[in-house]
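# Structure assessment
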Amino acid sequence: MTSANLLPPSPITPTVDFDKDGVQHGFLRLPHSRDDSAWGSVMIPIAVIRNGDGPTALLTGGNHGDEYEGPVALFDLARTLDSKDVNGTVIIVPAMNYPAFRAGTRTSPIDKGNMNRSFPGRPDGTVTQKIADYFTRELLPRADVVLDFHSGGKTLDFLPFAAAHILADKAQEARGFDAVKAFSAPWSMRMLEIDAVGMYDTTVEELGKTFVTTELGGGGSASAETIRIAKRGVSNFLRHTGILHGKVEQHETRWIDMPSGECFSFAEDAGMIETMVDLGDPVEAGQIIARIYPVGRTGTAPAEIKAKLSGILAARHFPGLVNAGDCVAVVAVPE
Ligand SMILES: [Zn+2]
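Residues numbered from 1 in each chain as written. Predicted model: local features only at pLDDT ≥ 70, side-chain atom pairs only at ≥ 80, totals over all residues. Heavy atoms only, no water.

## A word on the coordination of the zinc ion
Taken together, the protein ligands of the zinc ion are His64 (ND1), Glu67 (OE), Glu67 (OE) and His150 (ND1), with distances of 2.1 to 2.4 Å. Around the zinc ion, the four donor atoms sit at angles spanning 56 to 149 degrees, and that spread fits a shape best called irregular. Site description for the zinc ion: donor spacing in sequence, H-x2-E-x82-H. The same class applies to histidine 64 as to glutamate 67, namely buried. (Donors = N, O, S within 2.8 Å, 3.2 Å for Na, K, Ca; no water. Tetrahedral: all angles 85-135°; square planar, octahedral: opposite > 155°, others 65-115°. Buried < 20%, exposed > 50% of the residue type's maximum accessible area, 1.4 Å probe, protein only.)

Shown next, in the form of C-alpha cells:
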C-alpha cells in the first residue's frame, strides 16, 4: 500500500459523469464554509466532452488566476466542441485555481495558495491544496495527454511559446516535444526546471503523462494574437493526439532553450525600469538589457542589468516599477 492510499477521499464532488458520452457542463464542487455562506462551496467550472473509449485529454487554464489566454481559449472550446467530432474524452477546466481567477490574482485570495507550488496537494489541506489533490488523484489518472496554459500574469511578459521539459525518460520527453511542435506557437521551448517541487508539471510527468505547458504573453491581459495562438494550439494538440479528426495546422516555430540559472536576471534595487531591448531581440553576454532608476531624487545613476549569456530576450518584467528581488529579464538561447 502506498501512502496515497492512506489519504482520506477528496472533499470535491463533480456534478458531471466522466464516463458518459455527450457534452456536459458542470462543476467541481468544493465545500468552503465561510462568513458569507455557512455551508457554501467553491464551484469550479468543468466541461466533459466524450465520444467512446478513445484517449483522454485534460486541458487547463487559470492555474494562476491573472493569466488569460488559456481561460479564453478553453471557455470558447468548451462552448463549441461537439462530441461527435471527438474520439475519446476532452476534460476542460478553464480556471483551475477558480478563487484566484475570480479575484484576478496569481494566488488564491482564500489561502494565498499558489496552485503551481501546491502539488500533489492534500485532501485535508487548504482550498488550493484540496483542488491540487483532486487533480492528482482523480483527474490525472484518467488522462493520457495534458495541456496546461500559462502566461506572464500581471508582472511578466513572455514571447509566445509552448514548452515541454527535459526528462530522464527520453521516450516520454520525445512525446512532449512532438506535442509542442504540433501546438505550433511561434516559439517552442525545451525547459530544464530548476525548482520543480510542488509544480503541477512535475506531478503530471511523474505519472508518465505527455505534458505541454505554455507561456503566451502576459501583463495581466491577453492580445488578439496570443488568443489566436492559444486557440490554434489547443486544436492542434487535440488533432495531434487523435482526439480531434483532421491534420495539424503546422506553423513555423523556432526552438529555444533555457539551459541554466544564468538565463535569469534579478533586480538588486527598487526603482523604475528602462527597458533597453524588446522581446525577441538578440542580446549579447554582458550587454545592458535594462536600467533601474532610483526615483527618490534626480542626478543619481541607474543600476545596470546585464545579460549573463547571449541569446534572445524571452521574458521581461511588465510593470514600470520594480522591487529588489523581482525577475527583470529572461534570456533564452535559440537552437
Ligand atoms: Zn502561470
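What follows picks up the thread again.
## Examining the packing of aromatic side chains
As enumerated under the stated definition, the model contains ten aromatic pairs in all. Pairing phenylalanine 119 with tyrosine 200 gives two aromatic rings, centres 4.9 Å apart and planes at 45 degrees, and the pair type is tilted. A residue pair is termed long-range when its members are at least 10 positions apart, and phenylalanine 119 in the loop between helix H3 (98–103) and helix H4 (127–139) and tyrosine 200 in helix H6 (residues 200–206) qualify at 81 residues. In this pair, the class of phenylalanine 119 matches that of tyrosine 200, namely buried. An aromatic cluster is present here, built from Tyr68, Phe75, Tyr98 and Phe101 joined pairwise through their rings. In this structure, arginine 190 packs its charged tip against the face of phenylalanine 177, placed 4.8 Å from the ring centre. (Phe/Tyr/Trp six-rings, centres within 6.5 Å; stacked < 30°, edge-to-face > 60°. Helix = DSSP H or I, 4+ residues; strand = E, 2+ residues; numbered from the N terminus. Lys NZ or Arg CZ within 6 Å of the ring centre and 35° of its normal.)

## Regarding the layout of surface pockets
The space that makes up the largest pocket amounts to roughly 770 Å³. Along the walls of the largest pocket sit 30 residues, with Arg106, Arg117, Leu156, Phe158 and Glu215 positioned nearest its centre. Among the elements that line the lining of the largest pocket, the one with the most residues is strand E10 (residues 210–215), at three residues. Taken together, the residues that form the lining of the largest pocket break down as twelve nonpolar, ten polar and eight charged. (1 Å grid on protein atoms, 1.4 Å probe; cavity = no way out; pocket = protein on both sides within 12 Å on 5 of 7 lines; lining within 4 Å. Points joined across faces, edges and corners; volume = space filled by probe spheres on them. Nonpolar A, V, L, I, M, F, W, Y, C, P; charged D, E, K, R; others polar.)

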